[in-house]
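Residues per chain are reported as follows:
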Amino acid sequence: KTPLAMNTSSRFDVGRNFANKFWNACRFALLNISTPSETVSAADLKPVDYWMLSRLEDAAQRIDIALKEYKFSAAVEAMYDVLWRDFCDWYLEAIKPTVKNCPHQQRVLLTIVDVITRLLHPICPFVTEAIWPHIHSFSKGTVEGIALSTDSLAATSSWPDLTGLKIDTETVASFENAQSLVVAIRGARASQNVNSKRRIELLVPEELYETTLEHTRIISSLAGVGVLNQITPSSEGFAVLLDGKTILLADMFDEAEAEENNTRLTEEIEALEKKVAGFKARLANDSYVNNAPEHVVQETRDMLAQCETELSTAKAAFE
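Only a predicted model underlies this, so the values are computations on that prediction, with no experimental measurement involved.

S.K.: Looking at this model, I keep getting lost on the overall build of the protein. Mind explaining?
M.R.: Of the regular secondary structure elements, the protein holds 11 helices and 6 strands. Its C-alpha radius of gyration of 25 Å places the protein more than 25% over the 20 Å reference for a compact globule of 319 residues. For the protein, buried positions account for 40% of its 319 residues. When contacts within the protein are restricted to residue pairs at least 6 apart in sequence, those whose partners lie at least 24 apart make up 71%. For the protein, the exposed area adds up to about 18100 Å²; of that, 52% sits on carbon and sulfur atoms. On the protein, the mean spot of the 31 positive side-chain charges and the mean spot of the 45 negative ones are 7 Å from each other.

S.K.: Quick question: what am I supposed to make of the packing of helix 1 (residues 10-31) against helix 4 (residues 103-120) here?
M.R.: For any two helices packed against each other, the geometry is given by the interaxial angle and the distance between the axes. Contact geometry for helix 1 and helix 4: axes closest at 10 Å, N-to-C directions at 155°. Of the possible angle classes, the one that applies to helix 1 and helix 4 is roughly antiparallel. The two elements helix 1 and helix 4 meet at a crossing, and its hand is left-handed. Residue-level inspection shows Phe18, Phe22, Cys26, Ala29 and Leu30 of helix 1 in contact with helix 4, the latter providing Leu109, Leu110, Val113, Ile116, Thr117 and Leu120. Grouping the amino acids of the contact of helix 1 with helix 4 by side-chain chemistry returns 10 nonpolar, 1 polar and no charged.

S.K.: Looking at this structure, I do not really get the side chain of Ser174. What am I missing?
M.R.: Structurally, the position occupied by Ser174 is in helix 6 (residues 169-191). The exposure class of Ser174 is buried, given its relative accessible area of 11%. A polar side-chain atom of Ser174 sits 2.7 Å from a polar atom in the side chain of His215. With near-sequence residues (within four places) excluded, Ser174 lies in contact with Thr211, Glu214 and His215.

S.K.: Just checking my understanding: could you explain the sheet that holds strand 5 (residues 238-242) for this structure?
M.R.: In sheet architecture, strand pairing relies on hydrogen bonds along the backbone and comes in two forms, parallel and antiparallel. Read across the open sheet, the 4 strands follow the order 4-3-6-5; overall the sheet is mixed. A strand with exactly one partner marks an edge of an open sheet, and here the two such strands are strand 4 (225-230) and strand 5. Going across the sheet, the axis of each strand differs from the next one's by a mean of 25°, ignoring polarity.

S.K.: Would you mind showing me how to read the pattern of salt bridges here?
M.R.: Per the stated rule, a full pass over the model turns up 11 salt bridges. Salt-bridge contacts for Asp251 lead to Arg198; the nearest nitrogen and oxygen are separated by 3.1 Å. You can see Asp251 sitting in the loop between strand 6 (245-250) and helix 9 (255-284) and its partner Arg198 sitting in the loop between helix 6 and strand 3 (200-204), a full 53 residues away along the chain. Salt bridges here are not isolated pairs; linked through shared partners, they connect Arg55, Asp58 and Asp86.

S.K.: Looking at this model, I keep getting lost on the pairing of strand 5. Mind explaining?
M.R.: Two faces belong to every sheet, and in a regular strand the side chains alternate between them. Burial of the side chains of strand 5 is restricted to one face: Phe238, Val240 and Leu242 are buried, whereas none of Ala239 and Leu241 on the reverse face is. Bridge analysis of strand 5 against strand 6 gives 5 bridges, and the strand direction is antiparallel. Bridge pairing links Leu242 to Lys245 in strand 6. In sequence, strand 5 turns back onto strand 6 through a hairpin of 2 residues, with Asp243 there showing a positive phi of about 50°.

S.K.: Explanation requested: unusual backbone geometry in the structure shown.
M.R.: Trans is the common state for peptide bonds, and a negative phi is the common state for residues other than glycine. A positive phi angle, near 50°, is found at Asp243, a position not held by glycine. Phi is positive for Asp251, close to 55°, though the residue is something other than glycine. For Asp251, a relative accessible area of 45% translates into the label partly exposed.

S.K.: I would appreciate a short explanation of the packing of aromatic side chains in the present structure.
M.R.: Scanning the entire structure with this criterion turns up 5 aromatic pairs. Geometrically, the ring pair formed by Tyr80 and Trp84 is stacked, given 5.3 Å between the ring centres and 20° between the ring planes. On the criterion of helical spacing, the pair formed by Tyr80 and Trp84 is a turn pair, its members being 4 residues apart in helix 3 (residues 72-95). The exposure class of Tyr80 is partly exposed, given its relative accessible area of 30%. Accessibility expressed as a relative area gives 22% for Trp84, which makes it partly exposed.

S.K.: Mind showing me how you'd approach the nonpolar core here?
M.R.: Counting residues in each nonpolar core, the largest one holds 74 residues, and the members touching the most others are Phe87, Tyr91, Leu109, Ile185 and Leu202. Looking at which element gives the most residues to this core, the answer is helix 3, with 12 residues. Of all hydrophobic cores here, the second largest spans 9 residues; its members include Leu272, Phe279, Leu304 and Ala314.

About the cut-offs
- Residues numbered from 1 in each chain as written.
- Predicted model: local features only at pLDDT ≥ 70, side-chain atom pairs only at ≥ 80, totals over all residues.
- Heavy atoms only, no water.
- Helix = DSSP H or I, 4+ residues; strand = E, 2+ residues; numbered from the N terminus.
- Rg over C-alpha atoms; globule rule 2.2 N^0.38 Å.
- Buried < 20%, exposed > 50% of the residue type's maximum accessible area, 1.4 Å probe, protein only.
- Contact = heavy atoms within 4.5 Å.
- Areas by Shrake-Rupley, 256 points an atom, 1.4 Å probe, with all protein chains shown as cover.
- Lys, Arg positive; Asp, Glu negative; His and termini not counted.
- Charge placed at Lys NZ, Arg CZ, Asp CG, Glu CD.
- Axes fitted to C-alpha atoms, helices over the stretch in contact; angles between N-to-C directions.
- Parallel < 35°, antiparallel > 145°, perpendicular 65-115°, else oblique.
- Left-handed = near helix turned anticlockwise from the far one by under 90°.
- Nonpolar A, V, L, I, M, F, W, Y, C, P; charged D, E, K, R; others polar.
- Polar contact = N/O pair within 3.5 Å; in protein donor to acceptor, adjacent residues only side chain to side chain.
- Pairing = 2+ DSSP bridges.
- Salt bridge = Lys/Arg side-chain N within 4 Å of Asp/Glu carboxyl O.
- Phe/Tyr/Trp six-rings, centres within 6.5 Å; stacked < 30°, edge-to-face > 60°.
- Core = buried A, V, L, I, M, F, W, Y, C linked by side-chain atoms within 4.5 Å.

From the geometry alone we can't say anything about function, so treat these as descriptive.
Below you can see the structure in the form of structure tokens.
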């Protein structure tokens, strides 16, 4: 029996994965749309919708410029950013708690999928044509500021016109601040090996409280936050620095997890202390510093600095 041919092109794998990502994202989106409203105005938009529409507008402009200048790699890069990073990694995750019960957001989601499909069509024509009739199986509607002329094929439908969109930049900035907070919390949870299903307590300074409260549903969904409170003089928790301000994460472990985490941190601190001592001893040796190649000595200094940073972080977490 003749074996199947094996693909050896990494570029083919990237393209296949991208097409699969698009298909699965559209499938997930369409499964969450049942009764989209006919028209959505700016007043109907949630902060996450404003943000996603702003990212879509930016991507459309980048793609237009790239295609006019025949810079096809730049067009693909812009398409990758808006589909994979913005739409899949953030928007779809952020709207999971709300979209099924919100006809306005369903219309926004459907319109975004429609625009992304049109922008992707020159790059991925067969996949976009396959999904096209499914996107347009719903009743017609629009998001204010977006002009889309629709035909039976993606190839003969209009290029998306987003020039009429009126983006509230303050709302977009507010959501981006919430994004930064989510990234910081996720990073802290990962560094401390917090159970992914555990709901933690978030404590923020007074000046961040109202903004955080505005996005509490998304922060709760994306960062596993169960309780939001203001920091008080007696507050305790794992400190995280965010744009020069300190937030605290509390209730990250139950009793058994806390003991296991302390044991892990103790072992990590001991190992890092040995590394730091070793690097310091090496750098204190004049023969090594004077005779070893400069790049090797600099590498040792860099590793010492990195280990000292990791040691400081581990000690702070233990305390």
